[in-house]
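Here is how the chains run, residue by residue.
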Amino acid sequence: PHLSGKVVNGSIFGHVALGFVDTSPVLRELTVKSMVALAPKLVPSTMAQVMRAFAKLQLDEEASIRTNTTICLGKIAQHVDAMTREKVLIPAFARSLKDPFPPGRCAGLLSLTATQQYHKPMDAATKILPCIAPLALDPEREVREKALQCIRAYVTKLEQASAAIGKPPSQQDTAAVSNDAVSAATESVLASMSWLSSSLKSAVGS
């Protein structure tokens, strides 16, 4: 908290980022988790480096690293600039929904639920819901439950967007109230997103 943004971006990040490609899975995982603390101080150009590293780590051979990368992206999304969020979040989370590791799929669903305020209604209708819907029939019960929770969140988003079509701005005050409710809901989801421990990964297999 006491380090300035200039120091983090100029002196610290470059050394920390080496951990993204370290041969040790433990170090790669710890580096991912450290981004939650660093993200508020990262400038867009540095955050772009994080996004590139995360894209590779989502394909990591270690299931816990793939899962925790998705969780971390959901947690730091608020610190990513809007243009990058629009390009990165949906493809990244959609990729995680195809992970053979069930907690990885759950991480993608939770992250999509937690970041719903950043996605346009049309993207929800054409890009997100088509990816989520099949997971309502996933073999794993927890995945199915998370999928249905996510579907409900985005259907509500579409209902609000549909109701607002054609209305003048003066009649859209209820949308602001709804947005407050969405913010409260997403905060709750974010708070519930915990890291997958390597020990759990070992217990359930990769």
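Worth saying up front: this structure is predicted, and the values here are computed from it rather than measured. (Residues numbered from 1 in each chain as written. Predicted model: local features only at pLDDT ≥ 70, side-chain atom pairs only at ≥ 80, totals over all residues. Heavy atoms only, no water.)

Draft legend 1. Local environment of the confidence of the model for the chain. On average, residues of the chain carry a pLDDT of 88, and 84% of them reach 70 or more. Across residues 199-206 the pLDDT falls below 50, and counting only partners more than four positions away or on other chains, this stretch makes ten contacts in the model. (pLDDT = per-residue confidence, 0-100. Contact = heavy atoms within 4.5 Å.)

Draft legend 2. Molecular detail of the pattern of salt bridges. Summed over the entire model, instances satisfying the criterion amount to eight salt bridges. With a shortest N-O distance of 3.9 Å, Lys 33 and Glu 29 are connected by a salt bridge. In this pair, Lys 33 and Glu 29 are both assigned in helix H2 (residues 25-38), four residues apart and thus about one turn of the helix distant. With relative accessibility at 6%, the residue Glu 29 sits in the buried group. Between Glu 142 and Lys 146 there is a salt bridge, and its shortest N-O distance comes to 3.5 Å. Taken together, the residues span about one helical turn, with Glu 142 and Lys 146 both in helix H8 (residues 141-164) at a distance of four residues. (Salt bridge = Lys/Arg side-chain N within 4 Å of Asp/Glu carboxyl O. Helix = DSSP H or I, 4+ residues; strand = E, 2+ residues; numbered from the N terminus. Buried < 20%, exposed > 50% of the residue type's maximum accessible area, 1.4 Å probe, protein only.)

Draft legend 3. Main features of the packing of aromatic side chains. Counted by the stated rule, this structure contains one aromatic pair. Note on Phe 20 and Phe 54: the rings are 6.0 Å apart at their centroids and 90 degrees apart in plane angle, and the pair reads as edge-to-face. Of this pair, Phe 20 sits in the loop between helix H1 (5-17) and H2 while Phe 54 sits in helix H3 (residues 44-57), placing them 34 residues apart in sequence. In this structure, Phe 20 and Phe 54 share a single accessibility class: buried. One cation-aromatic arrangement involves Lys 75 over Trp 195; the distance from NZ or CZ to the ring centre is 5.7 Å. The ring of Tyr 118 is capped by Arg 85, whose NZ or CZ atom sits 3.9 Å from the centre of that ring. (Phe/Tyr/Trp six-rings, centres within 6.5 Å; stacked < 30°, edge-to-face > 60°. Lys NZ or Arg CZ within 6 Å of the ring centre and 35° of its normal.)

Draft legend 4. Summary view of the packing of H1 against H2. The N-to-C vectors of H1 and H2 enclose an angle of 165 degrees; their axes lie 11 Å apart at closest approach. Between H1 and H2, the crossing angle belongs to the class labelled roughly antiparallel. Handedness of the H1/H2 crossing: right-handed. The residues of H2 that touch H1, namely those facing Val 8, Phe 13 and Val 16, are Thr 31, Ser 34, Met 35 and Leu 38. A class-by-class count of the residues in the contact of H1 with H2 yields five nonpolar, two polar and no charged. (Axes fitted to C-alpha atoms, helices over the stretch in contact; angles between N-to-C directions. Parallel < 35°, antiparallel > 145°, perpendicular 65-115°, else oblique. Left-handed = near helix turned anticlockwise from the far one by under 90°. Nonpolar A, V, L, I, M, F, W, Y, C, P; charged D, E, K, R; others polar.)

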